[in-house]
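The primary structure of each chain is shown beneath.
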Amino acid sequence: MILSEQRFKQINVIENGCIDDVQGFYTTGTHCGLKRKKPDLGLIYCENVAEAAGVFTTNQIQAAPLRLTKSLIETTGTLQAVVVNSGNANACTGKQGMIDAKEMQKCVAEKFNLNETDVAVSSTGVIGEQLPMDKVRAGINTLSVAESKGSFAEAILTTDTTTKEICVEILIDEQPVRIAGVAKGSGMIHPNMATMLSFLATDATIKGSELQQLLRDTTNETFNRITVDGDSSTNDMVLALASNKVQHKQLNQNHPQWGVFQEAFQLCATELAKMIARDGEGATKLIEVQVVGAKSNDDAGKIAKTIVGSDLVKTAVFGKDGNWGRIICAIGYSGCTISPDLIDIAIGPYATLKESEPCGTNDKEITAYMTEEETIVISVNLHVGTGVGKAWGCDLSYDYVRINAGYRT
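Residues numbered from 1 in each chain as written. Predicted model: local features only at pLDDT ≥ 70, side-chain atom pairs only at ≥ 80, totals over all residues. Heavy atoms only, no water.

**Student:** Report on the overall build of the protein, specifying residues and quantitative values.
**Tutor:** What the protein contains, in helices and strands, is 12 helices and 16 strands. Against the globule reference of 22 Å for 409 residues, the protein gives a C-alpha radius of gyration of 22 Å, in line with a compact fold. Each principal axis of the C-alpha distribution contributes one length, and for the protein these read about 70 × 55 × 35 Å. Positive and negative charge centroids in the protein, built from 37 and 49 side chains respectively, lie 4 Å apart. (Helix = DSSP H or I, 4+ residues; strand = E, 2+ residues; numbered from the N terminus. Rg over C-alpha atoms; globule rule 2.2 N^0.38 Å. Lys, Arg positive; Asp, Glu negative; His and termini not counted. Charge placed at Lys NZ, Arg CZ, Asp CG, Glu CD.)

Okay, structure coming up:
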């Protein structure tokens, strides 16, 4: 889905907004000792049982917290709290891993007087190490939803250099409705639902089934269109919760303002996805690939992600080298329908290929563009259909190797 200009004007982005700005929701975070100094344990709490939806990694190796949360979404479709720890993925930890995930769930339920089945668990960090549950238990016991907002966004980070949050407001039946989201992710990013986590919250009135379909469709066009390094994590998840606090006619695809809500929801997901790509480990540039003229939207999205995922394209961007040969090479091995003689490619405002004929663009102009701009836009027109799609990634720098070579040390 392409965001329409008319509906986009109806979406108000709340400055410095976060999940706490959505009716019914509170967040908090603390340091419990999983990381050296920074916050490493966070909680999202809803005043009431919320409608819930989720999408999860397609990696066949899945962390215990993810399997636990996935079962909750599939069984009940409701949540009232989400507890997240960073610094330890609780993945590949055997039977003890699930015991620990369930204990985290139980501790939160007892602390806030909730049903255990309404508490989701999520973890991110190093794979293969057991959780130090004495630290986790003590940390959960100190959590309070009365504490300052914003610490949750910090508590879920690993190698990220910055927090990632957004909140927007729209009108539904003349009532203000808000949608907010928070995410983490910097490396091991290649979602097909990276280590990537995102949590979205809204005070709109909507059933879980409608929210699930919306989340699935949105994820396919946003979080699943980013790549940093081609690795799909064991812990990826995106959860969406709806508190139903705003009294308007229930949202579904027959509601006259469904399109506005859908686009606002997608805007949140798109911006969070771009924040993750921009914050790729060692990254200096965000890369956005725009594909039009594909056989289908799916083909356009796949080609865009293939280009942005190419190590050769990523290193060319880091080197400020407008080497369009690497771009057309990626198009060719994408596995999608193309006509090799009809391809247009541009880097920023500079056309480099027209109907597969080199344009003779001045390399110095492209290098200047790639030096000056923080976001490098690569545009492709395949001229074989009406499909459109985008994908986002980052350049590949020396620092990526440095960061990941010493991840555990």
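Read on for the rest.
**Student:** An account of the packing of aromatic side chains is requested, with residue identities and associated values reported.
**Tutor:** Under the criterion given, the structure shown has 5 aromatic pairs. Seen from their ring centres, W258 and F261 are 6.0 Å apart, and the 40° between their planes marks the pair as tilted. Here W258 pairs with F261, and both are found in helix α7 (residues 258-278), just 3 residues apart, close to one helical turn. Since its relative accessible area comes to 9%, W258 is described here as buried. Looking at F261, the relative accessible area reads 0%, which means it is buried. Residues F261 and F265 carry aromatic rings whose centres are separated by 6.3 Å and whose planes lie at 35° to one another, so their mutual orientation is tilted. Highlighted residues: F261 and F265, both in helix α7, separated by 4 residues, approximately one helical turn. For F265, a relative accessible area of 1% puts it in the buried group. Clustering of aromatic rings is evident, with ring pairs tying together W258, F261 and F265. (Phe/Tyr/Trp six-rings, centres within 6.5 Å; stacked < 30°, edge-to-face > 60°. Buried < 20%, exposed > 50% of the residue type's maximum accessible area, 1.4 Å probe, protein only.)

**Student:** I'd love a proper account of the sheet that holds strand β16 (residues 387-394), names of residues and values included.
**Tutor:** Taken together, 7 strands build an open sheet; the order of strands is β9-β16-β11-β15-β12-β13-β14 and the sheet is mixed. The sheet is open, and its two edges are formed by β9 (226-227) and β14 (357-358), each paired on a single side. Looking at chain direction, strand β13 (residues 350-354) and β14 are connected through 2 bridges and run antiparallel. In the strand pairing of β14, K354 is matched with E357. (Pairing = 2+ DSSP bridges.)

**Student:** An account of the nonpolar core is requested, with residue identities and associated values reported.
**Tutor:** By size, the foremost hydrophobic cluster in this structure holds 38 residues, and its most contacted members are V168, I170, L200, L215, F223, F261 and F265. Taken together, the elements giving at least two residues each to this core come down to β3 (41-56), β6 (164-172), β7 (175-184), α6 (208-221), β10 (237-242) and α7. Considering every element that reaches this core, the biggest residue donor is α7, with 12 residues. Setting aside chain neighbours within four positions, we find V168 in contact with I11, N12, V13, I14, V177, R178, I179, A264, L267 and C268. (Core = buried A, V, L, I, M, F, W, Y, C linked by side-chain atoms within 4.5 Å. Contact = heavy atoms within 4.5 Å.)

**Student:** Quick rundown of the side chain of S151? Include the residues and the values.
**Tutor:** Looking at the secondary structure, you find S151 in helix α5 (residues 151-155). Given a relative accessible area of 14%, S151 falls into the buried group. Ignoring sequence-local partners within four residues, the contact set of S151 consists of T28, G29 and P39.

**Student:** Quick rundown of empty space enclosed by the protein? Include the residues and the values.
**Tutor:** To find leftover empty space, one rolls a probe the size of a water molecule over the atoms. What the largest cavity holds in volume is close to 60 Å³. Every residue along the wall of the largest cavity is listed here: V313, A316, V317, D321, G322, N323, R326, I327, I347, M370 and I378. At the level of secondary structure, the elements contributing two or more residues to the lining of the largest cavity comprise α9 (311-318) and α10 (324-332). If you tally residues by element for the lining of the largest cavity, the top one is α9, at 3 residues. Considering only residue class, the lining of the largest cavity consists of 7 nonpolar, 2 polar and 2 charged. (1 Å grid on protein atoms, 1.4 Å probe; cavity = no way out; pocket = protein on both sides within 12 Å on 5 of 7 lines; lining within 4 Å. Points joined across faces, edges and corners; volume = space filled by probe spheres on them. Nonpolar A, V, L, I, M, F, W, Y, C, P; charged D, E, K, R; others polar.)

**Student:** An account of the environment of S209 is requested, with residue identities and associated values reported.
**Tutor:** Assignment of secondary structure puts S209 in helix α6. Overall, S209 belongs to the exposed group, its relative accessible area being 54%. Expressed as a C-alpha distance, the spacing of S209 and N252, which sit 43 residues apart in the sequence, is 9.5 Å.

**Student:** Account for the packing of helix α3 (residues 94-112) against helix α4 (residues 133-142), naming residues and giving values.
**Tutor:** Between α3 and α4, the least distance of the axes is 9 Å, while the angle of their chain directions is 20°. By the angle class used here, α3 and α4 are roughly parallel. For the pair α3 and α4, the crossing hand works out as right-handed. Residues D100, E103, M104, C107, V108 and K111 of α3 lie in contact with α4, whose contacting residues are M133, V136, R137, I140 and N141. (Axes fitted to C-alpha atoms, helices over the stretch in contact; angles between N-to-C directions. Parallel < 35°, antiparallel > 145°, perpendicular 65-115°, else oblique. Left-handed = near helix turned anticlockwise from the far one by under 90°.)

**Student:** So what about unusual backbone geometry? Which residues, and what values?
**Tutor:** Most peptide bonds are trans, and most residues other than glycine sit at a negative phi. Positive phi outside glycine occurs at E174, with the angle close to 65°. By the element assignment, E174 lies in the loop between β6 and β7. Although it is not a glycine, H383 adopts a positive phi angle of roughly 60°. Inspection of the secondary structure assignment puts H383 in the loop between β15 (375-381) and β16.

**Student:** Which residues make up α9, and what values do they have?
**Tutor:** Along α9, the positions that sit buried rather than exposed are V313, K314, A316 and V317. On an axial view of α9, the arc spanned by its buried residues comes to 160°, and they lie on one face. Here α9 starts with a cap whose side-chain oxygen sits 3.2 Å from the backbone nitrogen of L312, and that cap is S310. At the exit of α9 stands K320, carrying a positive phi of roughly 55°. (Arc of directions from axis to C-beta. Polar contact = N/O pair within 3.5 Å; in protein donor to acceptor, adjacent residues only side chain to side chain.)

**Student:** Before we move on, can you summarise the confidence of the model for the protein with the specific residues and values?
**Tutor:** Per-chain confidence: the protein averages 90 in pLDDT, with 91% of residues scoring 70 or above. A low-confidence stretch, residues 188-194 stays under pLDDT 50, and its non-local contacts, those more than four residues away or across chains, total 47 contacts. (pLDDT = per-residue confidence, 0-100.)

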